[in-house]
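# Structural features, examined
The residues making up each chain are set out below.
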Amino acid sequence: MSSPLQREDVARVARLARLTLTEAELDLFTSQLGQVLEHANDMSALNLDDVEPTAHPFGLINVFRRDVVRPSLDRDVLLSQAPDAESGRFAVPRILGEAP
Amino acid sequence: MKSAQTIANDVRDGSSSAVAELQRSLARIAERNDELNVFLYVDVEGATAAASAIDERRSRGEDVGPLAGVPIALKDNLCQIGIPTTCSSKILEGWRPPYSATIVDRLIAAGAVPVGKTNLDEFAMGSSTENSAFGPTRNPLDPSRVPGGSSGGSAAAVAADMTSISIGSDTGGSIRQPAALCGLVGMKPTYGLVSRYGLIAFSSSLDQIGPFAKTVGDAALLLEVIAGHDPLDATSLPEPAPSLVAHVNDGMAGKRVGLVRELYEGADESVVASVRAAAEALREAGCEIVELSIPELRLGLSAYYLIAPAEASSNLARYDGVRFGRRVDGEDVTAMMEATRTAGFGAEVKRRIMLGTYALSAGYYDAYYGQALKVRTLTIQAFARAYAQVDLLLGATTPGVAFKFGEKSNDPMAMYLNDVFTIPTNLAGDPAVSVPFGRGEENLPIGVQLLGPPRSEAQLFAAARVLEIADGRA
Amino acid sequence: MTTLTNGWEIVVGLEVHTELLTHSKLFCGCENHFGSEPNTNVCPVCLGLPGSLPVLNEQAVELAMRIGMALHCTIAPSTFHRKNYFYPDQSKDYQISQYDLPINSNGYLDLPDGSRVGIERAHMEEDTGKTTHLGGSGRLAGADRSLVDYNRCGVPLVEIVSAPDIRSSAQARAYAAELRGILIATGASDGRMEEGSMRIDANVSVRQANAPYGTRCEIKNLNSLRSLQRAIDYEALRQVELLEEGGTVRQETRHWDEDRGETSTLRVKEDAEDYRYFRDPDLVDLAPSQQWQDAVRAALPAMPAERRAALIATITQPSDAQRDAIEVVIDLGLEHYVHSAVAAGADAATAISRVANEIAADLEHVANLSPAAFSATVLMEQSGALSATQAKTVLGELLEHGGDNPQAIAAAKGFEQLSADSLGATVASLIDAHPDEWGRYREGDDKLAQFFIGQVMKSTKGQANGKAVIAELQARRQGRSQD
Ligand SMILES: [Zn+2]
């Protein structure tokens, strides 16, 4: 797969990633990311239909913790690290839409 | 500089004290840190208290541990309770974690004295430590050059004799490459051997914590302390720490070592010469050297630069200005998050977040991320075939010696290519060690890389020790 | 229930989220507890602090398997993915959820009316935190700022996704009610919709019979079974009207407003998020061993359908009211009282009625009431030793104060004498006071029995047993006619 990475792809990805890019950054990233994706063509070109993907280097399964309550953190310590807090909660500016 | 083993022995037998060793370390930091920018934070108070406590416990006759009184430097992507932890990013400036990484607890329990947090490429993304938001670290061997990265600060701390040992993390070579460029021993252990709990994630399936040291023995000792199962990390291997120090001098007689073309081809002449000389040294130590080609390894770079950014794009989503770290205000919560992330992340981090987001996005997943996971399978299979023939593999750690500042920082692809020899082991989850062997231009150190199958750390250290002796650094 | 005309048919699929009754959260040791002070059940893991890692709660897996087994699902090896989207109630800005390989898939749920609804999957995922909105009306829209509490963030959930097999709002309601009963029976959930521990989203579309499925809308904020039914009816009518006017249904997420009784657009699907699902590299695969599965299956209690059938079998041709009472008994899991009473020789209908009414009205004290004491009370009522009203009073005492001797309570209340001597005297005096009514009764007008029962109840303040009054009247009628 060749990588005709377009400026609008980069703009769309920036929105998804919650990053604001200047026009200059948009151009630079379009070219730099395009280069990386072009390099990846050596890999994308292979027919690997019969190969299983590996998400983990080793096939560990069934790693659990027991259902035991452990002490939680001190709220004052946590909230002292927060950019903004109120009434024991983390405060944020208004939310424009419901969660998806 | 005394080795960690010597310091611990001296502290344990009373011929030195933890406080004295700490003061020596702090003095050295005071002397060179302004010039080299190794430490982002030095915890004079906490370290002094810890050292005093060790001395006091020793005076009461208590066993103060295998790293008794040994000052140690921690890469600043490891959480230590109450100590500023930045990942060299503005987005975490001022954050003090309310908990400690498992390995930090283990180090302290073993008597080590954490003296501070070292500089790195922001979120461990880089190969030169030039991507730190708090300025680059300089190579103590030649301050006009980079120390490598991303664990450049931890490598420089040891190279500059600020501490005898330090901790780094290796996602695509971030321990081995700076070890090579700074003339140190650096190991990336088997994935899961060392708990990642409290290591700020870059790429979760590739990240692994490991040791830096001047000697093979110190590296083995340090790894032995931090390794072993941790119930807080679901990807942690289910076994206790292996015995490593006891096997450092096992030698290599009768072993087969594969010299892998793909792991040195394209490197500088001096580097190739060092690799060949290392092969010769191993042969003299009784190894059989087998020339091998593993073509699949050539695909590693492409796979890595999709997998690592993909995982990173998700791992770094939580830096949104809501719960911790920096916030830049915005009209609404989305604007606030975007302003925070835009101001808080540096260019390389943004580049990788963008790349990873793209690789995972609808319509591109199969071609990029999905394909990269399959290449990962090919890499694992290829290594497994090689290890059916030989015990260990040998190659270069880096294509060249430490490079000058700015030499590659404007060309991401050139910088990425610097990791070409180290990446394949991360993809496979296998261990590998870089050990200094020979010198290149300007008499700068060269590192050769030994690679092994999963859980072969003891044998890798034994092989590294053979090279350490052959290189005249016995 | 609204009936659609002109050949339109409702097609509904439900997504039910249920919180699991574990002690701790899905991936950390924080307490899974509703109603704690904000942000007191949080740790590095559920707060998504840098460096923290999730480890799967074994009991959550067991409860998820119980749900899957109760819904006849296939239990298969599964994985955890990350669903990536930015939202402040989500501490990592991704949700750990099962995606293409869920733990439970391909099951079904049989409803009391005999219909069957397919279960596509029942997968595990983590809950989000809770936001409170300040300024404006206190709702999201118009608020100046919001506050986030992460206590609920990381609480284990199972999401049960039905096939689009549901064809009416009543069936949807029946499905949700039956599923709720199953969740409670498995011990996996408390089923409390009002506390949000069971939450329902409905996918609603309409079509002409046998036509391909229409475009669906997803309705959120259905906080009760009543809301569910009303919202589906409203939404189906809305879609039909739209289509009949020549419009098209837009695929979107809609919000149910219970007060206004209508749905409104929340989000249009065209700008759907790109969630960039991928395997969570911090977690390993889940593949419950056959041994574990067998143990969970063996320990699975009887499900509501089986328990309902067992109760229905105790009554010949149960009335609708009795069926409703049985539902209450099953829903509250109180049928052991009925079975205990029946085993002791009591009439099932009376026992069911007392459980569905008297015990159900005082669940707070149900632990005080032993099945033996309950059985004894029902038997006393049945034998005429207690009137219905007296039996209710005795049960009330037993619930309130415990004890195993209803006879003693009846004696202390002075209930016993009435049935023997007082009743005869009372009836005799009433016959004297109402000679005309007595005459008509004596001539065979049985309707007058009700008149006398009423009078007896009045004069004894409800302490008499209706059956005993009839017996007394009949004895006197026969006695007189023999004169
Ligand atoms: Zn927690």
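Structure: above.
These numbers come from a predicted model, not from an experiment.

Analysis parameters
Residues numbered from 1 in each chain as written. Chains lettered and ligands numbered in written order. Predicted model: local features only at pLDDT ≥ 70, side-chain atom pairs only at ≥ 80, totals over all residues. Heavy atoms only, no water. Helix = DSSP H or I, 4+ residues; strand = E, 2+ residues; numbered from the N terminus. Rg over C-alpha atoms; globule rule 2.2 N^0.38 Å. Buried < 20%, exposed > 50% of the residue type's maximum accessible area, 1.4 Å probe, protein only. Contact = heavy atoms within 4.5 Å. Arc of directions from axis to C-beta. Buried area = accessible area lost by both parts, 1.4 Å probe. Polar contact = N/O pair within 3.5 Å; in protein donor to acceptor, adjacent residues only side chain to side chain. Pairing = 2+ DSSP bridges. Core = buried A, V, L, I, M, F, W, Y, C linked by side-chain atoms within 4.5 Å. 1 Å grid on protein atoms, 1.4 Å probe; cavity = no way out; pocket = protein on both sides within 12 Å on 5 of 7 lines; lining within 4 Å. Points joined across faces, edges and corners; volume = space filled by probe spheres on them. Nonpolar A, V, L, I, M, F, W, Y, C, P; charged D, E, K, R; others polar. Axes fitted to C-alpha atoms, helices over the stretch in contact; angles between N-to-C directions. Salt bridge = Lys/Arg side-chain N within 4 Å of Asp/Glu carboxyl O.

## Let's talk about the overall build of chain A
Helices and strands together make up the secondary structure of chain A, namely four helices and three strands. When its helices and strands are written in sequence order, chain A yields α-α-α-β-α-β-β. Relative to the globule expectation of 13 Å for 100 residues, the C-alpha radius of gyration of chain A, 22 Å, shows a markedly less compact shape. Taking the principal axes of the C-alpha coordinates as reference, chain A spans close to 55 × 45 × 25 Å.

## Thoughts on the side chain of Arg477 of chain C
Residue and element names in this part refer to chain C. Considering the arrangement of structural elements, one finds Arg477 in helix 15 (residues 466-482). Arg477 gets classed as buried once you look at its relative accessible area, which sits at 18%. Residue contacts for Arg477: discarding those within four places in its chain leaves Trp438, Tyr441, Arg442, Gly444 and Asp446.

## Quick notes on unusual backbone geometry
Outside of glycine, negative phi angles account for most residues, and trans bonds account for most peptide bonds. Between Gly149 of chain B and Ser150 of chain B the backbone carries a cis peptide bond, its omega angle lying at 10 degrees. By the element assignment, Ser150 of chain B lies in the loop between strand 3 (113-118) and helix 5 (152-159). Positive phi is not limited to glycine here, since Ser87 of chain A has a value of about 50 degrees. On the accessibility criterion, Ser87 of chain A (51% relative accessible area) is exposed. Non-glycine residue Cys87 of chain B carries a positive phi angle of around 55 degrees.

## Points about helix 4 (residues 290-298) of chain C
For helix 4 of chain C, the full list of buried residues reads Trp292, Gln293 and Val296 of chain C. End-on view of helix 4 of chain C: buried residues confined to an arc of 100 degrees, all on one side of the axis. Those residues of helix 4 of chain C that are exposed and angled more than 90 degrees off the buried face are Gln290, Gln291 and Ala298 of chain C. Those residues of helix 4 of chain C that are buried lie in contact with strand 1 (64-65) of chain A together with helix 1 (58-70) and strand 3 (74-75) of chain C.

## Some remarks on the interface of chain A and chain C
Chain A puts 37 residues into the contact, and the matching count from chain C is 61 residues. With both chains or domains summed, chain A and chain C bury close to 4,100 Å², and 59% of this area falls on carbon and sulfur atoms. Three residues stand out in chain A for area buried against chain C, namely Arg65, Asp67 and Pro100 of chain A, and they jointly supply 18% of the buried area on that side. There are 24 residue pairs in polar contact (both at pLDDT 80 or more) connecting chain A and chain C. Contributions of two or more residues to the side of chain A that touches chain C are made by helix 1 (7-16), strand 1, helix 4 (75-80) and strand 3 (89-93) of chain A. By the bridge criterion, two bridges tie strand 1 of chain A to strand 2 (residues 56-57) of chain C in an arrangement that is parallel. When the bridges of strand 2 of chain C are listed, Arg65 of chain A appears paired with Asn57 of chain C.

## Considering the nonpolar core
Ranked by internal contacts, the top residues of the largest apolar core, which has 160 residues, are Phe123 of chain B together with Leu14, Met124, Ile160, Tyr175 and Ile200 of chain C. For this core, the element with the highest residue contribution is helix 9 (residues 300-315) of chain B, accounting for nine residues. Among all residues touching Ile200 of chain C, those that are not within four sequence positions of it are Leu14, Glu15, Val16, Ala176, Met193, Ile219, Leu222, Leu225 and Leu228 of chain C. In terms of nonpolar packing, the next biggest core, distinct from the first, is built from 103 residues, Leu223, Ala386, Ala396 and Leu460 of chain B among them.

## Topic: empty space enclosed by the protein
Applying the stated criterion to the full structure yields 11 cavities of 30 Å³ or more. The calculated volume of the largest cavity comes to roughly 110 Å³. Taken together, the residues of the lining of the largest cavity sort by class into nine nonpolar, three polar and four charged. By volume, the second largest cavity amounts to about 90 Å³. Taken together, Arg196, Leu199, Ile200, Ala201, Asn315, Arg318 and Tyr319 of chain B together with Pro50, Gly51, Ser52, Leu53 and Asp282 of chain C make up the lining of the second largest cavity. Counted by class, the lining of the second largest cavity contains six nonpolar, three polar and three charged residues.

## Some words on the sheet that holds strand 10 (residues 432-439) of chain B
Residue and element names in this part refer to chain B. Here we have 11 strands laid out as an open sheet, ordered 1-3-2-4-6-5-10-11-9-7-8, and mixed in their pairing. With one partner strand each, in any of the chains shown, strand 1 (39-42) and strand 8 (288-292) form the two edges of the open sheet. Pairs of neighbouring strands in the sheet enclose a mean axial angle of 30 degrees, with direction left out of account. Pairing between strand 7 (residues 256-260) and strand 9 (residues 392-396): three bridges, direction parallel. By the bridge assignment, Gly258 is partnered in strand 9 with Leu393. Along the sheet face, helix 5 touches strand 1, strand 2 (71-75), strand 3, strand 4 (165-170) and strand 6 (208-213) and points at about 155 degrees away from the line of strand 4.

## A word on the layout of surface pockets
By volume, the second largest pocket amounts to about 680 Å³. Lining the second largest pocket are 29 residues, and of these Pro53 of chain A, Tyr365 of chain B together with His81, Asp100 and Arg279 of chain C lie nearest its centre. When contributions to the lining of the second largest pocket are tallied by element, the ones reaching two or more residues are helix 12 (366-389) of chain B together with strand 15 (278-279) of chain C. Among the elements that take part in the lining of the second largest pocket, helix 12 of chain B stands out by supplying four residues, more than any other.

## Digging into the interface of chain B and chain A
Opposite the 65 residues of chain B that make contact, chain A presents 54 residues. Summing both partners gives a buried area of about 5,200 Å² for chain B against chain A, and 69% of it is carried by carbon and sulfur. Inspection of the chain B/chain A interface yields one salt bridge. The partner of Glu331 of chain B in a salt bridge is Arg94 of chain A, with the nearest N and O atoms 3.8 Å apart. Every element with two or more residues in the side of chain B that touches chain A is listed here: helix 9, helix 10 (333-344), helix 11 (347-360), helix 12 and helix 13 (412-417) of chain B.

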